[in-house]
Amino acid sequence: MRILSWFLVIAGVFGLIGVRALEDKIFYDPFLSYFHEADKNMPFPHFEWGKLIAGHLFRLILNLFFSCLILHFWFKNKQWTIQGAVLMLIVFAVTFPIYLYCIYDRFGTGYLFSFYMRRFVIQPLILLLIIPMFYYRKKIMQNNK
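Residue positions are counted from 1 within each chain, in the order its sequence is given. Predicted model: local features are reported for residues with pLDDT of at least 70 only, side-chain atom pairs are reported and counted for 80 or more only, and whole-chain, interface and lining totals are derived from all residues. Based on all heavy atoms of the structure, the side-chain values leave hydrogens and waters out of the count.

Quick word on the overall build of the protein chain
Numbering of helices and strands runs from the N terminus; a helix is a DSSP stretch of H or I covering at least four residues, while a strand is a stretch of E covering at least two. Assigned secondary structure in the protein chain consists of seven helices and zero strands. Mapped in sequence order, the helices and strands of the protein chain form the string α-α-α-α-α-α-α. With respect to the principal axes defined by its C-alpha atoms, the protein chain has extents near 60 × 30 × 25 Å. Burial classification: accessible surface area is computed with a 1.4 Å probe over protein chains only, and a residue below 20% of its type maximum counts as buried, one above 50% as exposed, and the rest as partly exposed. When the 145 residues of the protein chain are sorted by exposure, 40% land in the buried category. By the convention used here, residues are in contact when the closest approach between their heavy atoms is within 4.5 Å. Of all intrachain contacts in the protein chain linking residues separated by at least 6 positions in sequence, the fraction that spans at least 24 positions is 71%. When the accessible surface of the protein chain is split by element, carbon and sulfur atoms take 69% of a total near 9,000 Å². Taking the average place of the 15 positive charges on the side chains of the protein chain and the average place of its 7 negative ones, the gap between the two points comes to 20 Å. To be clear on the numbers: accessible area is Shrake-Rupley with a 1.4 Å probe, and residue cover counts the displayed protein chains and nothing else. Only four residue types enter the charge count, namely Lys and Arg as positive and Asp and Glu as negative; His and the chain termini do not. In plain terms, the charge of a residue is placed at NZ if it is Lys, CZ if Arg, CG if Asp and CD if Glu.

Structure below.
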């Protein structure tokens, strides 16, 4: 059973890598090349609000699925998996409207600020905080027994 768990954790990691590797093919995001070029003088891309929002929500679902797969089979605790998912959704719920405002303002709030807000929207960065937090919690619980 332990081998299957590690296989599924690795599958979740490769799933997240796949989402990142195929982002230009499976998601509508005209800002990929805009931020990839890192040229502030590049013209602001034309986009459709509905398709952009739907693309980011679809990406959230995929990232959330693979992140929960990692959390669940790493810690084998359903409650922690749910807590991790809720934390990721809260971070998305906070950063996504801010990022949409940055787009509406044509990144008038600042290029770097908009860039990093976008990172929190499209990447599962919070997972890098949740795993050590849950690992620490697991160690504390083991020491208390």
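Details of the packing of aromatic side chains
A pair of aromatic rings is counted whenever rings of Phe, Tyr or Trp (Trp by its six-membered ring) have centres within 6.5 Å, and the orientation is called stacked for planes under 30 degrees apart, edge-to-face for over 60 and tilted otherwise. The final tally for this structure, using the stated rule, is 24 aromatic pairs. Where Y34 meets F107, the ring centres are 5.5 Å apart and the plane angle is 25°; that geometry is what we call stacked. Taken together, the residues span a long stretch of sequence, with Y34 in helix α3 (residues 31-37) and F107 in the loop between α5 (78-104) and α6 (111-122) at a distance of 73 residues. Residue Y34 shares its accessibility class with F107, and that shared class is buried. Three or more aromatic residues joined by ring pairs make a cluster, and in this case those are F31, Y34, F35, F44, F47, W49, F107, Y111, F115 and Y116.

Focus on helix α7 (residues 127-144)
To estimate how far a helix should reach, multiply one less than its number of residues by 1.5 Å. Look at α7: 26 Å from first C-alpha to last across 18 residues, which is about the 26 Å you get at 1.5 Å a residue. Turning to α7, its buried residues number three or more, namely L127, I130, I131 and F134. When α7 is viewed along its axis, its buried side chains cluster within an angular range of 100° and face the same direction. What points out from α7, more than 90 degrees from its buried face, is the exposed set L128, L129, Y136, N143 and N144. Note that the arc is defined by the directions from the helix axis to the C-beta atoms.

So, α5
The first and last C-alpha atoms of α5 sit 39 Å apart over 27 residues, in line with the 39 Å expected at 1.5 Å per residue. Where α5 is concerned, the buried positions are W80, T81, G84, A85, M88, F92, T95, F96, Y99, L100, C102 and I103. Residues of α5 that are buried make contact with α3, α4 (49-75), α6 and α7. Residues adjacent in sequence count toward polar contacts only when both atoms are side-chain atoms; beyond that, a polar contact is any pair of N or O atoms within 3.5 Å, and within protein one must be able to donate a hydrogen and the other to accept it. Among the residues of α5, the N-terminal cap falls to N77, whose side-chain oxygen and the backbone nitrogen of Q79 are separated by 3.0 Å.

Observations concerning the pattern of salt bridges
When a carboxyl oxygen of Asp or Glu is within 4 Å of a side-chain nitrogen of Lys or Arg, the pair counts as a salt bridge. Counted under the stated rule, the structure contains four salt bridges. The salt bridge partner of E23 is R20, with a shortest N-O separation of 2.9 Å. Where D29 meets R118, a salt bridge forms, and the shortest distance between an N and an O atom there is 2.6 Å. Taken together, the residues D29 in the loop between α2 (23-26) and α3 and R118 in helix α6 connect sequence positions 89 residues apart. An identical accessibility class is assigned to D29 and R118; each is buried. Each of R20, E23 and R59 takes part in salt bridges that share partners, so that together they form one network.

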